[in-house]
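# Tertiary structure, described
What follows is each chain in one-letter form.
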Amino acid sequence: GEGIVIAIDGPSGSGKSSTAKGVARARELRYLDTGAMYRAMTWWMIQHQVDVADAAAVAARSAEPVITMGTDPEAPTVRVDGTDVARAIRTDEVTGRVSTVSAVPEVRERLVALQRDIIAEARRDAAGIVVEGRDITTVVAPEAPVRLYLTASAQARAVRRSKENRTSDVAATEAALALRDRLDSSRALSPLTQAEDSLELDSSGLSLDEVVALVVKLADEAA
Ligand code: C5P
């Protein structure tokens, strides 16, 4: 049969990546971090001195970078033109510009097509795939049998992200997350929004293991 698709959307720092990876490991599924693809595109634009505020310039060059994703949840990889950019795409410079790049229609068109190819391959060759991002439940895989909107309070998200980034400035982290969420939720094309028929899961009071266990149960019921 065909592999299952588990789609997870939500704002920055809601725990999507840890949850998606945990579920993929638990059920031996592939794992796709679509945010890493928008970050990789942004990294390439910066490397090539493209002014990311110039949407026409970004659009004109959006077909150039070759972005390759490794979907093993134990060791996910992201490459641009063969270069491993796993660390390079997590800098403040990339994080500060990614929402601008991801709002460009040509960028989304290209990356969504790539994401659908990766999903189709996983459904053919593996037990399935867990895909996380902002528009997976609404645009990339609206037909997925498990569709989740993962949230957490602004405070809980900022505390988590501060720990990941090893910074003690939770207030500044919360402000940066709020700005990115506002940009991602207000763009014209495929904004971050909860699909009507997706399940909202607030992880504020839950441990990662509890959230993973919940999603695994939903996946088992859907399979
Ligand atoms: O998930 P992460 O925070 O790494 O995503 C980085 C950025 O990529 C988001 O802030 C958003 O602008 C963009 N993104 C998107 N659509 C997705 C995933 C990420 O626009 N499916």
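Bear in mind the structure is a predicted one, so any value in this text is a computation, not a measurement.

## Considering the site of the ligand
Looking at the ligand, there are 15 residues lining it, with R39, R108, D135, D184 and R187 nearest. In the model, a nitrogen atom of the ligand is placed 3.0 Å from a nitrogen or oxygen of the T34 side chain. Contact distances for the ligand include 2.8 Å between an oxygen atom and a side-chain N or O atom of R108. Isolated, the ligand exposes 460 Å² of accessible area, and the fraction of that covered by the protein chains is 97%. When contributions to the shell around the ligand are tallied by element, the ones reaching two or more residues are α2 (34-47), α4 (92-101) and α8 (170-186). Top contributing element to the shell around the ligand by residue count: α2, with 4 residues. Residue classes in the shell around the ligand are distributed as 2 nonpolar, 5 polar and 8 charged.

## Overview of the packing of α2 against helix α5 (residues 105-125)
For the pair α2 and α5, interaxial distance at closest approach is 11 Å and the crossing angle is 140°. Classified by the interaxial angle, the pair formed by α2 and α5 is oblique. α5 is crossed by α2, and the crossing has right-handed handedness. Residues T34, M37, Y38 and M41 of α2 touch α5, and the partners they reach there are V107, R108, R110, L111, V112, L114, Q115 and I118.

## Here's the deal with the UniProt feature "binding site: ATP" (unreviewed entry) in the protein chain
On the UniProt side, "binding site: ATP" (unreviewed entry) is annotated at positions that read G10, P11, S12, G13, S14, G15, K16, S17 and S18 here. With respect to the helices and strands, the residue S17 is situated in helix α1 (residues 16-26). Look past the residues within four positions of S17 in its chain and what remains in contact with it is Y31, D33 and E132. Note on S18: relative accessible area 33%, which makes it partly exposed. In contact with S18, other than residues within four places in its own chain, are L208 and V212.

## A few points about the pattern of salt bridges
Taken as a whole, this structure holds 14 salt bridges when the rule is applied. Among the ionic pairs, R25 bridges to E74, the shortest N-O distance being 3.2 Å. Here R25, found in helix α1, pairs with E74, found in the loop between β3 (67-70) and β4 (77-80); they are 49 residues apart in sequence, far enough to count as distant. A salt bridge links R157 to D181, with the shortest nitrogen-to-oxygen separation between them at 2.8 Å. You can see R157 sitting in helix α7 (residues 154-164) and its partner D181 sitting in helix α8, a full 24 residues away along the chain. The class for R157 is buried, based on a relative accessible area of 10%.

Cut-off values and rules
- Residues numbered from 1 in each chain as written.
- Predicted model: local features only at pLDDT ≥ 70, side-chain atom pairs only at ≥ 80, totals over all residues.
- Heavy atoms only, no water.
- Near = heavy atom within 4 Å.
- Polar contact = N/O pair within 3.5 Å; in protein donor to acceptor, adjacent residues only side chain to side chain.
- Areas by Shrake-Rupley, 256 points an atom, 1.4 Å probe, with all protein chains shown as cover.
- Helix = DSSP H or I, 4+ residues; strand = E, 2+ residues; numbered from the N terminus.
- Nonpolar A, V, L, I, M, F, W, Y, C, P; charged D, E, K, R; others polar.
- Axes fitted to C-alpha atoms, helices over the stretch in contact; angles between N-to-C directions.
- Parallel < 35°, antiparallel > 145°, perpendicular 65-115°, else oblique.
- Left-handed = near helix turned anticlockwise from the far one by under 90°.
- Contact = heavy atoms within 4.5 Å.
- UniProt positions renumbered as here; feature names shortened; annotations may be inferred.
- Buried < 20%, exposed > 50% of the residue type's maximum accessible area, 1.4 Å probe, protein only.
- Salt bridge = Lys/Arg side-chain N within 4 Å of Asp/Glu carboxyl O.

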